[in-house]
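A closer look at the structure
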Amino acid sequence: MNTYNNINENEQPEEEEEENQQEGDDMKLEKDFFETNKKSGKFTVICGRKGSGKSWMATNYISISYFYNLYDEYHFILPEYETDASSETYSFIEGHKNTTVYGTYTPEITQQIKKNSKNKKILYVMDDATSYLFENKNKPELLNLVSTCRHGKGITIIVICHALKTILTPSIRGLIDFMFIGAFTNYTLIKRHLWEEQCSMMIKEDEFMDEYKRNIIKEEHNFLYINGKCEFSFTVNNWNLSTFDRKKAIKHEAKIKVVNIDKNYRIKQKIKDKNNVKALESQFSSKQQKKPNDNIQIYFKKPKNKR
């Protein structure tokens, strides 16, 4: 008897079943990611080394948001936009209304977005954000950003950075709703901050590290996704977020607004702040302080006798 003909055609090999299960799980995770951002403002970090595809993923989210008209206003801090506006990464942005692109970050941008969000839903994307959002370890600008933006109709904040160790500190990690982590080779950092703190209840250490090596380190332009529920995926490169055809988002409605900000703004601001501190110190030290008078005498009146 030919055993091949006796195989049930409805039965699937175990590997194929696992693959289908993974695809189903990924669809649920991606759907939850987009629907959660659509309903209320959330905070997402995309972290990876140079050339890992961070900006491509973030701009894919922008193109999907344009295509489905998810927001009322769009504000992007893109340091390379001025020179790369016609590149494949950014060319689809031109022609969309209610869009403003800034060359660098200033706190005033966040304050303006905060005002606008009272009656508008906003997408706020910051590329290459490591230097200005994390530079002050005691009170990073990121804390101010998130605390001022979670109100009104909702602001979706997407920060692109390359300092993995910084974003995984407890004070920062607690603020993040969604993380996309690229390829990093610091085993201890990945094990402690990603597996142990985020995924240890869901997957064994060896399995997690093997999946990370195989899918993230060895695969180009792939990311590990982790959400606030400790759900994760190693195959973001199969998501629409990675594969969406951004040509669908091209429009010619209006010219976008480009705000050119002095690239040395933060350096000048630091110098200004230091000079203000020095001026206050000088003003304080120049004032003559009254010395205590050791010879002063205090007189007390004798109490009147009560009758």
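Below or above, wherever it landed, is the structure these notes cover. (Residues numbered from 1 in each chain as written. Predicted model: local features only at pLDDT ≥ 70, side-chain atom pairs only at ≥ 80, totals over all residues. Heavy atoms only, no water.)

**Focus on the sheet that holds strand 2 (residues 73-77)**
Strand order in the open sheet made by the 9 strands is 8-7-6-1-5-4-2-3-9, with mixed pairing throughout. For this open sheet the edge positions go to strand 8 (232-233) and strand 9 (257-259), each flanked by a neighbour on one side alone. Where strand 2 and strand 3 (residues 99-102) come together, 4 bridges link them in parallel fashion. Within the sheet, the bridge partner assigned to Tyr74 lies in strand 3 and is Thr99. Sheet contacts for helix 2 (residues 54-67): strand 1 (43-47), strand 2, strand 3, strand 4 (122-126), strand 5 (155-161) and strand 6 (178-181); angle to strand 5, the most-contacted strand, approximately 160°. (Pairing = 2+ DSSP bridges. Helix = DSSP H or I, 4+ residues; strand = E, 2+ residues; numbered from the N terminus. Contact = heavy atoms within 4.5 Å. Axes fitted to C-alpha atoms, helices over the stretch in contact; angles between N-to-C directions.)

**What to know about helix 4 (residues 107-116)**
Each turn of an α-helix holds 3.6 residues, which means side chains three or four residues apart point in the same direction. Here helix 4 has its buried residues at Ile109, Thr110, Ile113 and Asn116. All buried residues of helix 4 project into a common sector of 120° when viewed along the axis, lining one side. (Buried < 20%, exposed > 50% of the residue type's maximum accessible area, 1.4 Å probe, protein only. Arc of directions from axis to C-beta.)

**Thoughts on the pattern of salt bridges**
With the rule as written, the count across this model stands at 4 salt bridges. A salt bridge links Lys229 to Asp32, with the shortest nitrogen-to-oxygen separation between them at 3.6 Å. Residue Lys229 is found in the loop between strand 7 (224-227) and strand 8, and its partner Asp32 is found in helix 1 (residues 14-39); the two are separated by 197 residues along the sequence. The class for Lys229 is exposed, based on a relative accessible area of 55%. (Salt bridge = Lys/Arg side-chain N within 4 Å of Asp/Glu carboxyl O.)

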